[in-house]
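Understanding the architecture of this molecule
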Amino acid sequence: MTAIDHLGIAVAKLEEALPFWRDALGLELVAIEVVASEKVRVAILRPKGDAHAARVELLEPTAPDSPIAKHLEKRGPGIHHVAMKVDDIAARMAALAAVGKPAMDSAPRVGAGGCMVTFLHPKSTGGVLLELSQPPAGGAHH
Ligand code: CO
């Protein structure tokens with residue numbers, strides 16, 4: 001299984017972005033959580049009633065050295081990364097490393113919703129910061 005899991009979108013303030021994504025577009029706000037490892041506060045949105053649909057994750061920095069703060073500084077708000085869902089992240093990381101596309105982490109780390117995640121640098125992917133995400137056993141926490 002490989003499918004788009006979510007789009008990560010950099011925003012300065014969740015509360016300023018939510019009226020568009022939740023209210024005007026009609027997505028359901030599933031959760032707001034802090035991901036300490038990424039220094040972000042994340043608003044997770046998806047189509048109402050469709051737990052399997054790709055999500056939109058709005059990413060607000062929680063510290064000046066957050067990767068999202070750097071993105072906002074350099075490029076302003078907008079798409080930060082694309083996340084693909086994978087069954088076995090360790091096996092996928094090994095397979096990618098074997099073809100000269102190593103992940104930015106040596107081992108997966110814990111991301112939003114209890115997923116195990118890592119990233120591939122845009123230099124390896126043709127310009128896309130690509131997240132690999134393995135849902136926790138029993139499905140994502142939201
Ligand atoms: Co993500």
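Not measured: the values here are computed from a predicted model.

**As for the overall build of the protein chain**
Counting its regular elements, the protein chain contains four helices and eight strands. Taken from N to C terminus, the helices and strands of the protein chain fall in the order β-α-β-β-β-α-β-α-β-β-α-β. For a compact globule of 142 residues, the expected C-alpha radius of gyration is about 14 Å, and the protein chain comes in at 15 Å, within 12% of that figure. C-alpha atoms of the protein chain, sized along the principal axes, occupy 45 × 35 × 25 Å. Counting over 142 residues, the protein chain shows a buried share of 41%. Excluding contacts between residues fewer than 6 apart, the proportion of contacts in the protein chain whose partners are at least 24 apart in sequence is 51%. When the accessible surface of the protein chain is summed, it comes to about 7400 Å², and 59% of that surface belongs to carbon and sulfur atoms.

**A short note on helix α3 (residues 89–98)**
The complete set of buried residues in α3 reads Ile89, Met93 and Leu96. Around the axis of α3, the buried residues are gathered within 65° of arc, so they sit on the same side. For α3, the secondary structure elements touched by its buried residues are β5 (78–86), β7 (116–120) and β8 (130–134). Positive phi shows up at Gly100, right after α3, with a value of about 80°.

**Remarks on the nonpolar core**
Formed by Ile9, Val11, Leu14, Ala17, Leu18, Trp21, Leu27, Ala43, Leu45, Val56 and Leu58, the largest nonpolar core amounts to 11 residues. Taken together, the elements giving at least two residues each to this core come down to α1 (14–24), β3 (40–46) and β4 (55–61). Here this core takes four residues from α1, the largest share from any one element. Apart from the residues within four sequence positions on either side, Leu27 is in contact with Trp21, Arg22, Leu45, Arg46, Pro47 and Val56.

Calculation rules
- Residues numbered from 1 in each chain as written.
- Predicted model: local features only at pLDDT ≥ 70, side-chain atom pairs only at ≥ 80, totals over all residues.
- Heavy atoms only, no water.
- Helix = DSSP H or I, 4+ residues; strand = E, 2+ residues; numbered from the N terminus.
- Rg over C-alpha atoms; globule rule 2.2 N^0.38 Å.
- Buried < 20%, exposed > 50% of the residue type's maximum accessible area, 1.4 Å probe, protein only.
- Contact = heavy atoms within 4.5 Å.
- Areas by Shrake-Rupley, 256 points an atom, 1.4 Å probe, with all protein chains shown as cover.
- Arc of directions from axis to C-beta.
- Core = buried A, V, L, I, M, F, W, Y, C linked by side-chain atoms within 4.5 Å.

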